[in-house]
Amino acid sequence: MKKILSGLAGLSVLAASAAYALPEPGGIDMQPAASALAEEVHFFHNGILMPVMTVISLLVLALLLWVMVRYNSKANPVAQKFSHNTLVEIIWTGIPILILLIIALPSFELLYKEGVTPDGKQVVTRGDGQTVDFVFANDFPDSRMVKRADHLQVLIDTGAERRTLKNRKDFKVEGWGERDLVVSLNEPAPAGSSVILRGGRSTQNVSGCPMSKRFIDACEKEVVLAPTMTLKVSGYQWGWTYSYPDFGDFEYSSNMLPEDQTTPELYRFAVDNRVVIPVGESIRVTTTARDVIHSWALPNFALKIDAVPGRFNETWFRAEKEGVYYGQCSEICGIRHSFMPIAVEVVSRPKFEAWVDSQRALAGLDPMFIDDNVKLAQAGASAAAE
Ligand SMILES: [Cu+2]
């Protein structure tokens with residue numbers, strides 16, 4: 001069932017004091033990264049591209065100054081007559097090719113990570129103080145099978161703490177690339193703890209890994225789990241429609257708040273109805289458009305994807321921190337292009353579920369997440385009211 005809900009229908013769950021991620025006036029750096037993948041994108045820009053660009057610019061400047069000083073007509077009255085130098089030409093062709101290759105490799109890796117939706121899964125088993133062998137069903141398609149140590153993570157959660165075990169030191173794995181992977185812990189998992197096996201081909205550096213470690217590729221890697229939900233985004237002149245197919249396909253439109261309904265700081269970012277998503281979970285985003293090409297972009301997640309009429313584009317992101325994040329349509333789409341902001345509110349799982357149920361209620365659907373006691377109490381209340 002689909003129903004367009006618009007207006008100020010109580011869609012925002014966070015209080016006004018929530019942390020906002022906004023661009024700073026006069027700022028020259030990237031907006032802070034709010035996902036592990038955005039950190040990788042920022043490292044690519046700040047750690048690889050900027051140094052390369054700076055060195056090239058300084059080298060060209062130095063060469064220009066040298067030529068201007070050393071070979072002007074006063075300092076060098078008799079000009080040389082040669083026109084070729086094979087060695088110099090090989091050098092100035094070869095070095096740029098090398099530089100482009102050095103830039104291309106990490107950028108292809110990033111494009112792959114942003115473009116391929118992760119399909120990782122996790123299996124949770126209770127430890128009983130004796131069992132050491134745990135099985136992970138490697139039932140991915142052949143090209144996505146778990147085959148290497150960095151495709152599998154083993155964690156022990158005792159309730160009080162969560163620890164990531166180290167391959168070979170804490171556990172051994174048999175059957176890489178086969179249908180059943182057997183993980184043998186060196187010590188049995190403590191009784192009552194949870195043994196979490198996470199497997200998949202999509203991996204990323206854990207959030208917060210320092211730049212120095214990124215240079216030598218020494219960051220701890222994590223398996224990224226498959227999306228827990230899909231967000232359908234549809235652009236139109238001049239706003240966005242969002243729908244949640246996994247939760248009853250309720251749908252609403254999101255439009256910029258007029259100047260007198262928001263603060264000067266938030267004007268052109270604030271919207272009537274925000275996107276709401278849970279923190280720490282992969283979100284699949286599909287985009288399309290109703291009229292012309294728009295682009296759904298969120299700088300904090302290094303995310304930008306075109307919304308094209310008649311086409312579905314797909315990407316994904318995972319927010320690490322709760323808060324409200326802003327973006328704008330990033331494909332010039334007409335006269336009010338700069339008045340179709342994007343606002344995404346990242347909340348905890350319980351708040352997200354409560355929000356989903358409130359949206360389902362607006363769409364005339366039964367709640368999905370409300371717990372049985374509340375249901376019983378409500379059933380009792382409505383029976384009493386009849
Ligand atoms: Cu647009």
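Worth saying up front: this structure is predicted, and the values here are computed from it rather than measured.

For this particular structure, what's the right way to read the overall build of the protein?
Check the secondary structure of the protein and you find five helices and 21 strands. Computed over the C-alpha atoms, the radius of gyration of the protein is 27 Å, more than 25% above the 21 Å expected from 2.2 N^0.38 for a compact globule of 386 residues. Here the C-alpha coordinates of the protein stretch approximately 105 × 65 × 40 Å along the principal axes. The buried share of the protein, taken over its 386 residues, is 40%. Taking contacts inside the protein between residues at least 6 apart in sequence as the whole, the part at least 24 apart equals 68%.

Just to check I follow, could you spell out the coordination of the copper ion for this structure?
Ideal geometry at a metal centre gives angles of 109.5 degrees when four donors are arranged tetrahedrally and 90 or 180 degrees when six donors are arranged octahedrally. All of the protein donors around the copper ion are His294 (ND1), Cys329 (SG), Cys333 (SG) and Met340 (SD); their distances to the metal are 2.1 to 2.6 Å. Each of the four donor atoms around the copper ion contributes to a set of angles spanning 97 to 125 degrees, which defines the coordination as tetrahedral. Between consecutive donor residues of the copper ion, the sequence gaps follow H-x34-C-x3-C-x6-M. Residue His294 is found in strand β17 (residues 294–298), and its partner Cys333 is found in the loop between β20 (323–328) and β21 (341–347); the two are separated by 39 residues along the sequence. The buried category is assigned to Cys333, whose relative accessible area is 6%.

What am I meant to see in the nonpolar core here?
One broad rule of soluble globular proteins: the nonpolar side chains tend to lie buried together. One finds Tyr242, Tyr244 and Trp296 to be the most contacted residues of the largest nonpolar core, which totals 37 residues. Looking at this core, the element that brings in the most residues is β21, giving four residues. With residues near it in sequence (within four places) discarded, Tyr242 still touches Leu231, Lys232, Val233, Phe250, Glu251, Tyr252, Ser254, Val275, Trp296 and Ile342. Core analysis: the second largest hydrophobic core is formed by 16 residues, Phe136, Leu152, Leu181 and Ala189 among them.

Whenever I open this one, the UniProt feature "domain: Cytochrome oxidase subunit II copper A binding" (unreviewed entry) in the protein confuses me. Can you help?
Under the UniProt annotation, "domain: Cytochrome oxidase subunit II copper A binding" (unreviewed entry) lies at residues 226–358. Secondary structure content for residues 226–358 is 8% helix and 45% strand, while the C-alpha to C-alpha distance between its ends is 26 Å.

Would you mind showing me how to read the state of the cysteines here?
Every disulfide links exactly two cysteines, by a covalent bond between their sulfur atoms. Applying the stated rule across the entire model yields one disulfide. The disulfide partner of Cys209 is Cys219, and the gap between their sulfur atoms is 2.0 Å. Residues Cys209 and Cys219 are joined through a disulfide that is left-handed, its torsion about the S-S bond being -80 degrees. Remark: Cys219 occurs in the loop between α3 (211–215) and β11 (221–223) and Cys209 occurs in the loop between β10 (203–205) and α3; sequence separation between them is 10 residues. Per residue, the accessibility class of Cys209 equals that of Cys219, and both read buried.

Just to check I follow, could you spell out the pairing of β20 for this structure?
Side chains on a regular strand alternate between the two faces of the sheet. With five of six residues buried, β20 is to be regarded as a mostly interior element. Bridge analysis of β20 against β21 gives six bridges, and the strand direction is antiparallel. Within the sheet, the bridge partner assigned to Gln328 lies in β21 and is Pro341.

Would you explain the packing of helix α1 (residues 36–70) against helix α2 (residues 86–115) in this entry?
Between two packed helices, what matters for the description is the angle formed by their axes and the separation of those axes. Running from amino to carboxyl end, α1 crosses α2 at an angle of 165 degrees, the nearest separation of the two axes being 11 Å. Judged by the inter-axis angle, α1 sits roughly antiparallel to α2. Relative to α2, the crossing made by α1 is left-handed. Mapping the contact onto sequence places Leu37, Glu40, Val41, Phe44, Ile48, Leu49, Val52 and Ile56 in α1 and Ile99, Ile103, Pro106, Ser107, Leu110, Lys113 and Glu114 in α2.

Even after reading the chapter, I still don't get the environment of Asn300, so can you show me in this structure?
Looking at where Asn300 falls in the secondary structure, it is placed in the loop between β17 and β18 (303–307). Taking C-alpha positions, Asn300 is 24 Å from Val356, a pair spaced 56 residues apart along the chain. Polar side-chain contacts of Asn300 include one of 2.9 Å to the backbone oxygen of Pro32.

What is the right way to read unusual backbone geometry from this model?
Trp238 follows Gln237 through a cis peptide bond whose omega is 15 degrees. Positioned with a positive phi, Arg168 is a non-glycine residue whose angle comes to about 75 degrees.

Help me understand the environment of Tyr326, please; the structure alone is not making it clear to me.
Along the polypeptide, Tyr326 turns up in strand β20. The class for Tyr326 is buried, based on a relative accessible area of 2%. Measuring from C-alpha to C-alpha, the distance between Tyr326 and Gln80 comes to 59 Å, with 246 residues separating the pair along the chain.

Sorry if this is basic, but what is going on with the sheet that holds strand β6 (residues 162–164) here?
Two pairing modes exist for strands in a sheet, parallel and antiparallel, and in both the strands are linked by backbone hydrogen bonds. Ordered in space as β3-β9-β5-β6, the four strands form an open sheet in which the pairing is antiparallel. The open sheet has two free edges, formed respectively by β3 (121–126) and β6, since each of these has just one partner strand. Taking the axes of each pair of neighbouring strands and ignoring which way they run, one obtains an average angle of 20 degrees across the sheet. Relative to β6, strand β5 (residues 152–157) is paired through three bridges, and the arrangement is antiparallel. Among the inter-strand pairings, Ile156 is bridged to a residue of β6, identified as Arg163.

What's the story with the domain arrangement of the protein in this structure? I'm lost.
How big an interface is tends to be expressed through the accessible area that disappears when the partners come together. When the domains of the protein are assigned, the result is domain 1 (4–24 + 226–373), domain 2 (36–76 + 83–115) and domain 3 (121–201). Taking only C-alpha atoms, the centre of domain 1 and the centre of domain 2 are 39 Å apart. Facing six residues of domain 1, the contacting portion of domain 2 comprises six residues. Of the roughly 510 Å² buried between domain 1 and domain 2 on both sides combined, carbon and sulfur atoms contribute 44%. A per-residue breakdown of the area domain 1 buries against domain 2 is headed by Ala302, Trp316 and Glu320, which together make up 64% of the total. At the boundary of domain 1 and domain 2, one finds zero salt bridges. Inspection of the domain 1/domain 2 interface yields three residue pairs in polar contact (both at pLDDT 80 or more). Residues belonging to the side of domain 1 that touches domain 2 are distributed by class as follows: three nonpolar, two polar and one charged.

The rules behind the values
For every chain, the first residue of the written sequence is number 1, and numbering continues from 1 onward in sequence order. Whole-chain, interface and lining totals are the exception, using all residues; otherwise, since this is a predicted model, local features are given only for residues with pLDDT of at least 70 and side-chain atom pairs are given and counted only at 80 or more. Derived side-chain values reflect all non-hydrogen atoms in the structure, with water molecules and hydrogen atoms excluded from consideration. Secondary structure counts use DSSP, requiring at least four H or I residues in a row for a helix and at least two E residues in a row for a strand, with both numbered from the N terminus. The globule rule is 2.2 Å times the number of residues to the power 0.38, and the radius of gyration it is compared with is taken over C-alpha atoms. We call a residue buried when its accessible area falls under 20% of the maximum for its residue type, exposed when it is over 50%, and partly exposed in between, using a 1.4 Å probe and counting protein chains only. By definition in these notes, contact holds between two residues if any of their heavy atoms fall within 4.5 Å. Any N, O or S atom lying within 2.8 Å of the metal counts as a donor, with the limit raised to 3.2 Å for Na, K and Ca; because water is left out of the atom set, some sites can appear incomplete. Note on geometry labels: four donors, all angles 85 to 135 degrees, give tetrahedral; four donors become square planar and six octahedral when opposite donors are over 155 degrees apart and every other angle is between 65 and 115; remaining cases are irregular. We define a nonpolar core as any set of buried Ala, Val, Leu, Ile, Met, Phe, Trp, Tyr and Cys residues linked to one another through side-chain atoms lying within 4.5 Å. UniProt positions are given in the numbering used here, feature names are shortened, and annotations may be inferred rather than shown by experiment. The definition used for a disulfide is geometric: two cysteine sulfur atoms within 2.5 Å. Pairing between strands is defined by DSSP: at least two bridges between the two strands are required. Under this scheme, a helix contributes an axis fitted over its contacting stretch, all axes are lines through C-alpha atoms, and angles between N-to-C directions fall in the 0 to 180 degree range. Here roughly perpendicular refers to angles of 65 to 115 degrees, roughly parallel to angles under 35, roughly antiparallel to angles over 145, and oblique to all remaining angles. Should the near helix be turned anticlockwise from the far one by less than a right angle, the crossing is termed left-handed; should it be turned clockwise, right-handed. Side-chain atoms alone can form a polar contact between residues adjacent in sequence; in general such a contact is a pair of N or O atoms within 3.5 Å, and within protein one must be able to donate a hydrogen while the other accepts it. Each domain's extent is set by a domain assignment, obtained either automatically or from a database. The buried area of a pairing is the accessible area, by a 1.4 Å probe, that goes missing from both parts when the two are put together, added over both. Whenever a carboxyl oxygen of Asp or Glu lies within 4 Å of a side-chain nitrogen of Lys or Arg, that contact is scored as a salt bridge. Asp, Glu, Lys and Arg are counted as charged, while Ala, Val, Leu, Ile, Met, Phe, Trp, Tyr, Cys and Pro are counted as nonpolar; the rest, among them Gly, fall into the polar class.

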